[in-house]
Amino acid sequence: MPFRRRSTTTHEEQLPKDAPQPPSEVVQPTRVNTAPQQASTSPGDGSHIPAQQIRQPSEVDPNDPNINIVEVPGDSKKPSFKEQVFGYAKVIRGTTLGKEEVKQHGEQVLRGEETIRKRRGSTSD
């Protein structure tokens with residue numbers, strides 16, 4: 001059987017007639033001339049709540065469907081990550097060296113009762 005060179009045909013001729021056409025050959029590409037809206041476009045759209053509209057939970061009916069109640073956590077001060085690291089380090093150091101006062105200071109820092117001393121010249125907050 002001699003080798004026969006295949007004829008070069010266009011893409012449409014190679015596809016069977018019942019095969020779906022690729023979308024790029026059927027539909028023209030869509031062009032968008034405007035960017036989608038990303039932020040508020042007018043004043044008074046509800047993105048800013050004046051302070052006089054903020055109410056305490058006791059002043060509001062919780063069953064009112066038109067009111068969104070957001071409760072802020074209480075005054076319990078959670079230590080920052082830096083303070084937690086410092087507190088755990090003090091607890092471990094006090095336990096290892098047998099110094100109870102160092103361990104107690106670390107536990108107070110972890111409970112938020114005590115803060116760590118700021119280093120002079122430190123750039124951290």
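Residues numbered from 1 in each chain as written. Predicted model: local features only at pLDDT ≥ 70, side-chain atom pairs only at ≥ 80, totals over all residues. Heavy atoms only, no water.

**A short note on the overall build of the protein chain**
Here's step 1: From N to C terminus, the protein chain includes 4 helices and 0 strands.
Here's step 2: Starting at the N terminus, the α and β elements of the protein chain follow one another as α-α-α-α.
Here's step 3: Across the 125 residues that make up the protein chain, the buried fraction comes to 9%.
Here's step 4: Restricting to contacts in the protein chain with at least 6 residues of sequence separation, those with at least 24 account for 28%.
Here's step 5: Surface exposure of the protein chain reaches about 12,400 Å², of which carbon and sulfur atoms provide 51%. (Helix = DSSP H or I, 4+ residues; strand = E, 2+ residues; numbered from the N terminus. Buried < 20%, exposed > 50% of the residue type's maximum accessible area, 1.4 Å probe, protein only. Contact = heavy atoms within 4.5 Å. Areas by Shrake-Rupley, 256 points an atom, 1.4 Å probe, with all protein chains shown as cover.)

**Concerning the pattern of salt bridges**
Here's step 1: As enumerated under the stated definition, the model contains 1 salt bridge in all.
Here's step 2: A salt bridge links Arg111 to Glu113; its shortest N-O distance comes to 3.0 Å.
Here's step 3: On the basis of relative accessible area, Glu113 is assigned to the exposed category, the value being 54%. (Salt bridge = Lys/Arg side-chain N within 4 Å of Asp/Glu carboxyl O.)

**Considering helix H3 (residues 81-97)**
Here's step 1: For H3, built from 17 residues, the straight-helix expectation of 24 Å at 1.5 Å per residue is met to within 8% by its first-to-last C-alpha distance of 24 Å.
Here's step 2: Of the positions making up H3, those classed as buried are Glu83, Gly87, Val91 and Gly94. Looking down the long axis of H3, one finds its buried residues gathered within 75 degrees of arc, a one-sided arrangement. Structural note: H3 exposes Phe81, Ile92 and Thr96 on the side pointing more than 90 degrees away from its buried face. (Expected span 1.5 Å × (residues − 1). Arc of directions from axis to C-beta.)

**Brief notes about the confidence of the model for the protein chain**
Here's step 1: In the predicted model, the protein chain carries a mean pLDDT of 75, and 61% of its residues have values of at least 70.
Here's step 2: Ranking the elements of the protein chain by mean pLDDT puts helix H1 (residues 11-14) last with 56 and H3 first with 94. (pLDDT = per-residue confidence, 0-100.)

**Some points on the side chain of Glu83**
Here's step 1: Among the structural elements, Glu83 can be located in helix H3.
Here's step 2: In contact with Glu83, not counting residues within four places along its chain, are Lys77, Val109, Thr115 and Ile116.

**Here's the deal with the environment of Lys82**
Here's step 1: Tracing the backbone through its elements, the reader meets Lys82 in helix H3.
Here's step 2: Here the alpha-carbon distance between Lys82 and Ile116, two residues 34 residues apart in the chain, equals 9.0 Å.

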